[in-house]
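In case you want the letters, here they are:
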Amino acid sequence: MRWLALLHRWVGALVGALLALLGSTGALLVWRDSLTWVPHAGDAPLRDPALVARLLAAAARSTRPVDRITLAGDGLGVHQLVYADGGGAYVSQTGAVVARWDGAWQRPELFVFDLHHRLLLGEAGEIANGVAALVGLFFVVSGVLLWWRSRARFRPRLWPARMSAGAIVHHHRDLGVLTAPLLALSLLTGAAMALPAVERTLLAPFGTPERPRPPHVPAAVPGAAAQDYGALLAQAAARFPGAALRRVQWPRRAGAPLVLRLRQPGEWTPNGRTFLYADPATRRIVGAQDPLRGGGYGRAREKLYPLHAAKVGGWAWKLAITASGIALALLGSLAVYGFWSTRAKAAAVRRRRRPVARALAPGA
């Protein structure tokens, strides 16, 4: 146990700040929609295909190419446009632009999301987050084992009784064991979403990965008639009755389809995992991906994000995941503070003792 305690303390001192950052930003993102302060953010979704068709047509004609549109839903009453150059806009359901930005740093909710998801470092940051989540899982397991020795002194507190090394250690152990189940779930789902190898290992009991590729779309035939977006939405409604259109993704390369992302009843992910692929020239459906008809692996994978981000379970699960994030922030930040402040004080004491020791040395 001595070596486990030593490893727990030193690794925590080095990685605790990153885990505290992930915990605090994760707790904020649970309430992301509520913290998106723009006009019409609280509007109820209209579910009017004609309005959506006009929005898509206007986006397709835009002189600033649109990458994707996420439609208004129950949590946020405005559409989010993301442009191919990285900028974006919020648009009311009647088509009025209510906010614009040229980079994620100009919108607090987008900045916090990128900081939590990628550490503002792109794919490298996402991998770093996955590794940090695995380290956090080690802390959860080793922390419970170390707590067992002092379980008789279990006194759960929201804050240490004193900002002394001993009080911080006791608070750290008791808060850690109290929130261990929630922390384990948050860290495990986060690691699985960031690292494919962890996902495959975690979901192996449910089958093998199912990753169908979008169909290739041949070059447009000259003179081919293009359907309007209303007809495309009608095709989608006929293909998946009862499904809500959540996102439209324009092709990012030659031969890629126009992608419609839908959410069917029974899917937990807010934007759904149902995909329809359309020819961007003629806007006719050329393929589909239905997670409800797939195997157990796909159905289990669909649950990772909703559990991690509290997109299911109502207010109770939102509060639980928020508490998990706050606990991780406290555990990580106080671990770093307690460890390094103790070492700094010990170093200062040693420096004060050296002159005295030299003065008392024989022959001085």
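Quantities reported herein were computed from a predicted structural model and do not represent experimental measurements.

Cut-offs applied
- Residues numbered from 1 in each chain as written.
- Predicted model: local features only at pLDDT ≥ 70, side-chain atom pairs only at ≥ 80, totals over all residues.
- Heavy atoms only, no water.
- Helix = DSSP H or I, 4+ residues; strand = E, 2+ residues; numbered from the N terminus.
- Rg over C-alpha atoms; globule rule 2.2 N^0.38 Å.
- Buried < 20%, exposed > 50% of the residue type's maximum accessible area, 1.4 Å probe, protein only.
- Contact = heavy atoms within 4.5 Å.
- Lys, Arg positive; Asp, Glu negative; His and termini not counted.
- Charge placed at Lys NZ, Arg CZ, Asp CG, Glu CD.
- Salt bridge = Lys/Arg side-chain N within 4 Å of Asp/Glu carboxyl O.
- Core = buried A, V, L, I, M, F, W, Y, C linked by side-chain atoms within 4.5 Å.
- Axes fitted to C-alpha atoms, helices over the stretch in contact; angles between N-to-C directions.
- Parallel < 35°, antiparallel > 145°, perpendicular 65-115°, else oblique.
- Left-handed = near helix turned anticlockwise from the far one by under 90°.

Okay, the overall build of the chain next. Looking only at helices and strands, the chain features 11 helices and 8 strands. For the chain, whose C-alpha radius of gyration is 26 Å, the value lies well above the compact-globule estimate of 21 Å for 364 residues. With the C-alpha coordinates aligned to their principal axes, the bounding extent of the chain is approximately 105 × 45 × 35 Å. For the chain, the residues scored as buried account for 44% of the 364 residues in total. Put simply, 60% of the contacts in the chain that link residues at least 6 apart link residues at least 24 apart. Seen as two clouds, the 45 positive and the 19 negative side-chain charges of the chain have centres 16 Å apart.

Leaving glycine aside, a negative phi is the common case for residues, and trans is the common case for peptide bonds. You will see that L120, though not glycine, has its phi angle at about 65°, which is positive. Mapping L120 onto the fold places it in the loop between helix 3 (108-118) and helix 4 (123-149). Its identity as a non-glycine residue notwithstanding, A310 has a phi of 60°, on the positive side.

So, about the pattern of salt bridges. Close approach of charged atoms allows side chains of opposite charge to pair. According to the stated counting rule, one finds 10 salt bridges in the structure shown. With a shortest N-O distance of 3.3 Å, R47 and D74 are connected by a salt bridge. With a gap of 27 residues between them, R47 in the loop between helix 1 (2-29) and helix 2 (49-61) and D74 in the loop between strand 1 (66-70) and strand 2 (79-83) connect regions that are remote in the sequence. Of the residues examined, D74 reaches a relative accessible area of 67% and is grouped as exposed. Close ionic contact of R118 with D114 constitutes a salt bridge, the shortest N to O distance being 3.5 Å. Taken together, the positions of R118 and D114, both in helix 3 and 4 residues apart, correspond to about one turn of that helix. Its relative accessible area of 29% is what places R118 among the partly exposed residues.

With 28 residues, the main nonpolar core has L56, I69, Y229, L245, W250, L258 and L260 as its most contacted residues. Within the residue set of this core, elements represented by two or more residues are helix 2, strand 1, strand 2, strand 3 (88-91), helix 8 (229-239), strand 5 (244-249), strand 6 (258-263) and strand 7 (274-278). A total of 6 residues in this core trace back to one element, the largest contributor, which is helix 2. With near-sequence residues (within four places) excluded, L245 lies in contact with V52, L71, L233, L260, R261 and L262.

Helix 7 (residues 196-203) packs onto helix 6 (residues 180-194) with a crossing angle of 120° between their chain directions and a minimal axis gap of 5 Å. Between helix 6 and helix 7, the crossing angle belongs to the class labelled oblique. Along this stretch, helix 6 crosses helix 7, giving a crossing that reads as left-handed. Contacts between helix 6 and helix 7 involve L188, A191, A192 and A194 from the former and P196, V198, E199 and L202 from the latter.

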